[in-house]
Amino acid sequence: MLPCSQRIIAPSLLAADWSRLADECSRAIRAGVDWLHLDVMDGHLVDNISFGPQFVATIHRTNDIFLDVHLMIDRPDHFLDRFIKAGADNITVHVEANHDVGDTLRRIRAAGLTCGLAIDGQTPFAAAEPWLDQIDLFLVMTINAGFGGQALIPETLDKVRAAKAWREAHGLSYHIEVDGGVHNGTLPDVLAAGANAIVAGTALFGVPDMEAAVRHFRSL
Ligand code: DX5
Ligand code: ZN
């Protein structure tokens, strides 16, 4: 995985035109993004349903790019092997989900992937503290998970700041990823707070010139 000082741009496929998925993935790769962010939702942990392991396997089979799989599902432990087999490169699981967080993180790394831990919009930073020394990526949801196109919740940036301070205080090196409501207007505050991995759906797949959007994201 890239160093946590590196700016990482990861468009969320949730915002892509699903009637032209192959073209949309090619468009993102041509635009120079670093990762594809795949939002898996089960209708239990979040009030929406998106796609599963077969969808991830299709994206993996037809594209050569790092797949950042975000499991917004209640039982990531139960489905984990299927997402590993599908070709995920990173798997991020939620602290709010119904599983043994430490065990799930260990299993992800044991399979040779990088592992991430996510906290949702209303979850306090302290909920993640027990596992911050066991992860490669910490995802701070800057909205309440479930739907693209929402407005960033400014208070969540305090958790990004806390994550950066914790990382420095404990000599760790996890990426700090943000997800939800990130666009040209909110990105400066997000970067100032300490995030380096940027997920965006609407602001990247939702614009005609993704290459220009990616260039602008990198310039800030
Ligand atoms: C929603 C997903 C986010 C979402 C971001 O829970 O996790 O990745 O797609 O979409 P935007 O960037 O449009 O807020
Ligand atoms: Zn996501």
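Bear in mind the structure is a predicted one, so any value in this text is a computation, not a measurement.

### Topic: the overall build of the chain
Item 1. Across its full length, the chain holds eight helices and eight strands.
Item 2. Its C-alpha atoms give the chain a radius of gyration of 16 Å, within 12% of the compact-globule value 17 Å for 220 residues.
Item 3. Here the chain holds 220 residues, and the buried ones make up 53% of them.
Item 4. For the chain, the exposed area adds up to about 9,300 Å²; of that, 51% sits on carbon and sulfur atoms.
Item 5. Counting 17 positive and 28 negative side-chain charges, the chain places the averaged centre of each group 4 Å from the other.

### Thoughts on the packing of helix α3 (residues 76-86) against helix α4 (residues 101-110)
Item 1. α4 packs onto α3 with a crossing angle of 15° between their chain directions and a minimal axis gap of 11 Å. What the angle tells us is that α3 and α4 run roughly parallel. When the axes of α3 and α4 are compared, the crossing they make is right-handed. Contact with α3, carried on its side by Asp77, Leu80, Asp81 and Ile84, involves Thr104, Arg107 and Ile108 of α4 and no other residues of that element.

### Comments concerning the packing of aromatic side chains
Item 1. The full count for this structure, using the stated rule, is seven aromatic pairs.
Item 2. Aromatic side chains Phe125 and Trp166 sit 6.0 Å apart centroid to centroid with 65° between the ring planes, which places their arrangement in the edge-to-face category. One end of the pair, Phe125, is in the loop between β5 (114-119) and β6 (137-141); the other, Trp166, is in helix α5 (residues 157-169), and 41 residues separate them in sequence.
Item 3. Classification of Phe125 as buried rests on a relative accessible area of 10%.
Item 4. Cluster of aromatic residues (ring-pair linked, three or more members): Phe125, Phe138, Trp166 and Tyr174.

### Quick notes on the pattern of salt bridges
Item 1. Taken as a whole and judged by the stated rule, the model has ten salt bridges.
Item 2. Salt-bridge contacts for Arg218 lead to Asp34; the nearest nitrogen and oxygen are separated by 2.9 Å. Here the residue Arg218 occupies a position in helix α8 (residues 210-219), and Asp34 occupies one in the loop between α1 (21-30) and β2 (35-41), the gap between them amounting to 184 residues.
Item 3. For the salt bridge of Arg75 with Asp77, the shortest nitrogen-to-oxygen distance reads 3.0 Å.
Item 4. The structure contains a network of salt bridges with shared partners spanning Asp17, Arg20, Asp23, Glu24 and Arg27.

### Quick word on the sheet that holds β6
Across a sheet, paired strands are connected by hydrogen bonds in the backbone, their directions being either parallel or antiparallel.
Item 1. The eight strands are arranged β1-β8-β7-β6-β5-β4-β3-β2 in an open sheet whose pairing can be described as parallel. The open sheet has two free edges, formed respectively by β1 (8-11) and β2, since each of these has just one partner strand. Pairwise comparison of adjacent strand axes, ignoring direction, gives a mean angle of 20° for this sheet.
Item 2. Taken together, the four bridges between strand β3 (residues 66-72) and strand β4 (residues 90-94) define a ladder with parallel strand orientation. When the bridges of β4 are listed, Leu71 appears paired with Val93.
Item 3. Docked against the sheet, helix α2 (residues 53-62) engages β2 and β3, running at close to 170° with respect to β3.
Item 4. Along the sheet face, α3 touches β2, β3 and β4 and points at about 170° away from the line of β4.

### Concerning the coordination of the zinc ion (ligand 2)
Item 1. Distances from the zinc ion (ligand 2) to its protein donors, His37 (NE2), Asp39 (OD), His70 (ND1) and Asp179 (OD), fall within 2.0 to 2.3 Å.
Item 2. The motif formed by the donor residues of the zinc ion (ligand 2), counted along the single chain, is H-x1-D-x30-H-x108-D. As far as the burial class goes, His37 and Asp39 line up, both buried.

Definitions and limits used
Once a new chain begins, its residue numbering starts again from 1 and follows that chain's sequence as written. Just so you know, chain letters begin at A and ligand numbers begin at 1, following the order they were written in. With pLDDT at 70 or above as the cut-off, local features in this predicted model cover only qualifying residues; side-chain atom pairs require 80 or more to be listed or tallied, and sums for whole chains, interfaces and linings still use all residues. As a rule here, side-chain values cover all heavy atoms of the structure and leave hydrogens and water aside. Numbering of helices and strands starts at the N terminus; helices are DSSP runs of H or I of at least 4 residues and strands are runs of E of at least 2. With the radius of gyration taken over C-alpha atoms, the globule rule is written as 2.2 Å times the number of residues to the power 0.38. Note on exposure labels: buried denotes an accessible area under 20% of the residue type's maximum, exposed denotes more than 50%, and partly exposed covers the range between, all computed with a 1.4 Å probe on protein chains only. Under the convention used here, a 1.4 Å probe and the Shrake-Rupley method define accessible areas, while residue burial counts only the protein chains that appear. By the counting rule applied here, Lys and Arg register as positive and Asp and Glu as negative, while His and the ends of each chain are not counted. Where a charge lies is defined by one atom per residue type: Lys uses NZ, Arg uses CZ, Asp uses CG and Glu uses CD. Only the contacting stretch of a helix is used when fitting its axis, a line to C-alpha atoms as for every element, and angles between N-to-C directions run 0 to 180 degrees. If an angle is under 35 degrees, it is roughly parallel; if it is over 145, roughly antiparallel; if it lies from 65 to 115, roughly perpendicular; otherwise it is oblique. Two helices cross in a left-handed way if the nearer one is turned anticlockwise from the farther one by less than a right angle. They cross in a right-handed way if the turn is clockwise. Any two residues having at least one pair of non-hydrogen atoms within 4.5 Å are treated as being in contact. For Phe, Tyr and Trp, where Trp contributes only its six-membered ring, two rings pair if their centres lie within 6.5 Å, and the inter-plane angle classes them as stacked under 30 degrees, edge-to-face over 60, or tilted in between. Think of a salt bridge as a Lys or Arg side-chain nitrogen and an Asp or Glu carboxyl oxygen that are within 4 Å of each other. At least two DSSP bridges between two strands are needed for those strands to be called paired. Here the term donor refers to an N, O or S atom within 2.8 Å of the metal (or 3.2 Å for Na, K and Ca), and because water is left out of the atoms, sites may appear incomplete.

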